[in-house]
Amino acid sequence: NHSRSLEGKTVLITAGPTYEAIDPVRFIGNHSSGKMGFSLAEEASKRGAKVILISGPSSQTTDDKNIELHKVTSAKEMLNKVFEFYDRVDIGIASAAVADYAPKEVAKEKIKKNDDNLTIELVKNPDILKTMGEKKTHQFLVGFALETQNEEENAKGKLEKKNLDMIVLNSLRDEGAGFKNDTNKIKIFTKTGKKEFDLKSKDEVAVDILDFVESQLLK
Ligand code: PMT
């Protein structure tokens, strides 16, 4: 029984994809549905936390009154929204699939179909979680790593580089893991530890992640 175990804590969660506009009708996006982040938000709320959920475009909804939902579109908007709240956050969990690059310029009018080839120049987006890591004072930071190869090495690299306390690895090589599915299969890494979990529903994965966070906070 986890009841009220996060009472008094503020948990900030990023969720969903970001959309980076190309022109008024097109964008660069990805397959994130927001499910993982919404499951985490609802589980944190059940445990008594005040939850700030910052989500990119997603069809997920919640009627939980303890979840303050902020909808954003692009990575830059997500970054700005996160830092409206960051000072007050005790636990930050970055489950959003943020676009690493965005079009350098957004065309004012719909791009017409003309030449056989079209080049769109992209520029690097801010890394929201890395910025959170750089500005960390008291926050406990949890990242995600979505990998397709060299999974563990890449995840541990992100744990280090982004100054995280913990990282949740999901691999697209595992059936039923990652995007869109109602299930996920994760491994959790800290600087010194590792724990592997079975394939389960995203609601159950959220329970495992928050149990792990709480076990780390008690250390
Ligand atoms: O939304 P669902 O359909 O339920 O799918 C869930 C999920 C697969 C999206 C989720 O479990 C997940 O893995 N989220 C992170 C996806 C990702 O972009 O991973 P990454 O390895 O590229 O990024 C590493 C970490 O840095 C992530 O915590 C990410 O939120 C963060 N990041 C990345 C780039 C960036 N510009 N800003 C960031 O904050």
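Quick caveat, the model's predicted, so the values are computed rather than measured. (Residues numbered from 1 in each chain as written. Predicted model: local features only at pLDDT ≥ 70, side-chain atom pairs only at ≥ 80, totals over all residues.)

Draft legend 1. Focus on the overall build of the chain. Looking only at helices and strands, the chain features 5 helices and 14 strands. For 219 residues, the compact-globule estimate of 2.2 N^0.38 gives 17 Å, and the chain sits close to it at 18 Å. If you line up the chain on its principal axes, its C-alpha atoms span 60 × 35 × 30 Å. In the chain, buried positions account for 36% of the 219 residues. Counting contacts in the chain only where the partners sit at least 6 residues apart, residues at least 24 apart contribute 61% of the total. (Helix = DSSP H or I, 4+ residues; strand = E, 2+ residues; numbered from the N terminus. Rg over C-alpha atoms; globule rule 2.2 N^0.38 Å. Buried ≥ 20, exposed ≤ 12 C-beta atoms within 10 Å, placed from the backbone. Contact = placed C-beta atoms within 7 Å.)

Draft legend 2. Highlighting the site of the ligand. Not every one of the 27 residues close to the ligand is listed here, only the nearest: Ser33, Lys35, Ala94, Ile128 and Leu129. For the shell around the ligand, the elements supplying multiple residues, two or more each, are helix 1 (35-46), helix 3 (128-134) and strand 9 (140-147). Top contributing element to the shell around the ligand by residue count: strand 9, with 4 residues. (Near = placed C-beta within 6 Å.)

Draft legend 3. Summary view of the environment of Gly157. Within the secondary structure, Gly157 is located in helix 4 (residues 151-161). Linking Gly157 and Asp87, residues 70 residues apart in sequence, is a C-alpha distance of 26 Å.

Draft legend 4. Quick peek at the UniProt feature "binding site: CTP" (unreviewed entry) in the chain. UniProt records the feature "binding site: CTP" (unreviewed entry) for Asp100, Lys110, Pro126, Asp127, Ile128, Leu129, Phe144, Lys158 and Lys162 in the present numbering. Spanning 63 residues, the named residues do not form one spatial group; their C-alpha atoms are separated by as much as 37.3 Å. When you line up the elements, Ile128 lands in helix 3. Every residue in contact with Ile128, bar those within four places of it in the chain, is listed here: Thr14, Ala75, Met78, Leu79, Val82, Ala94 and Val98. (UniProt positions renumbered as here; feature names shortened; annotations may be inferred.)

Draft legend 5. Region of interest: the confidence of the model for the chain. In the predicted model, the chain carries a mean pLDDT of 96, and the fraction of residues at 70 or more is 99%. Scored as a whole, the predicted complex attains pTM 0.97, and scored at its interfaces, ipTM 0.99. (pLDDT = per-residue confidence, 0-100.)

Draft legend 6. Up close: helix 4. Of the positions making up helix 4, those classed as buried are Ala155, Lys158 and Leu159. All buried residues of helix 4 project into a common sector of 105 degrees when viewed along the axis, lining one side. With respect to the buried face of helix 4, the exposed residues turned more than 90 degrees away are Glu153 and Glu160. Just downstream of helix 4 lies Asn163, where phi reads positive at about 60 degrees. (Arc of directions from axis to C-beta.)

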